[in-house]
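Chain by chain, the residues:
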Amino acid sequence: MSKLVYGKNGQVHFDNEEEKIEAMEYVLTSSNVNFRIHENNQNQGAWGPEDRIHFKHEEGVPDCLKRIMTAGDGSNYGRINCKEFCEELRDLADKDK
């Protein structure tokens, strides 16, 4: 079984392997998602840089992702903030090229 909990605080978590597969396939294939967001928040007083996944709108987003999503901003419906999970997604995407 693969890893189901990511992040220092477990902010990204899946109940089972099927949920994780559904989430990863959606993030990797949907035009609704940008999973290559890197913000240099340390330049604005935060602890360090952040890697995020942004969702443009809610439509079609699997419940397993909605459950771990935080609020977006004016141009995004929501976001997931977890460097560890983003790195795994980028590794998968780059491997498939």
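In what follows, the structure referred to is the one given above.
Here's what I pulled together on the structure shown here. Note that the coordinates shown come from a computational prediction; the quantities given were computed from them, not determined experimentally.

1. Details of the pairing of strand E4 (residues 50-55)
- Burial of E4 is extensive: five of the six residues sit out of reach of the surface.
- By the bridge criterion, four bridges tie E4 to strand E6 (residues 78-81) in an arrangement that is antiparallel. Its bridge partner being in E6, Arg 52 is matched across the sheet by Asn 81.

2. Some thoughts on the nonpolar core
- Among the nonpolar cores identified, the biggest contains 23 residues, and Phe 14, Ile 53, Phe 55, Leu 65 and Phe 85 are the most heavily contacted of them.
- For this core, the secondary-structure elements that each account for two or more residues are helix H1 (17-29), strand E3 (33-39), E4, helix H2 (63-66) and helix H3 (83-95).
- Here Phe 85 is in contact with Tyr 6, Val 12, Phe 14, Met 24 and Ile 53, once residues within four sequence places are set aside.

3. Overview of the pairing of E6
- Here E6 shows a buried face lined by Gly 78 and Ile 80 and an unburied face lined by Arg 79 and Asn 81.
- When strand E5 (residues 70-71) meets E6, the two strands line up antiparallel, connected through two bridges. Bridge assignment links Thr 70 to a residue of E6, and that residue is Arg 79.
- Hairpin remark: E5 followed by E6, antiparallel, with six residues in the connecting loop.

4. Concerning H3
- The terminal C-alpha atoms of H3 lie 18 Å apart, and with 13 residues this matches the ideal 18 Å at 1.5 Å per residue to within 8%.
- Restricting attention to buried positions, one finds in H3 the residues Phe 85, Cys 86, Leu 89, Arg 90 and Ala 93. The buried side chains of H3 occupy one side of the element, clustering within an arc of 135° when seen end-on. Relative to its buried face, H3 has exposed residues pointing more than 90 degrees away, namely Asp 91 and Lys 95.

Reading the values: the criteria
Residues numbered from 1 in each chain as written. Predicted model: local features only at pLDDT ≥ 70, side-chain atom pairs only at ≥ 80, totals over all residues. Heavy atoms only, no water. Buried < 20%, exposed > 50% of the residue type's maximum accessible area, 1.4 Å probe, protein only. Helix = DSSP H or I, 4+ residues; strand = E, 2+ residues; numbered from the N terminus. Pairing = 2+ DSSP bridges. Core = buried A, V, L, I, M, F, W, Y, C linked by side-chain atoms within 4.5 Å. Contact = heavy atoms within 4.5 Å. Expected span 1.5 Å × (residues − 1). Arc of directions from axis to C-beta.

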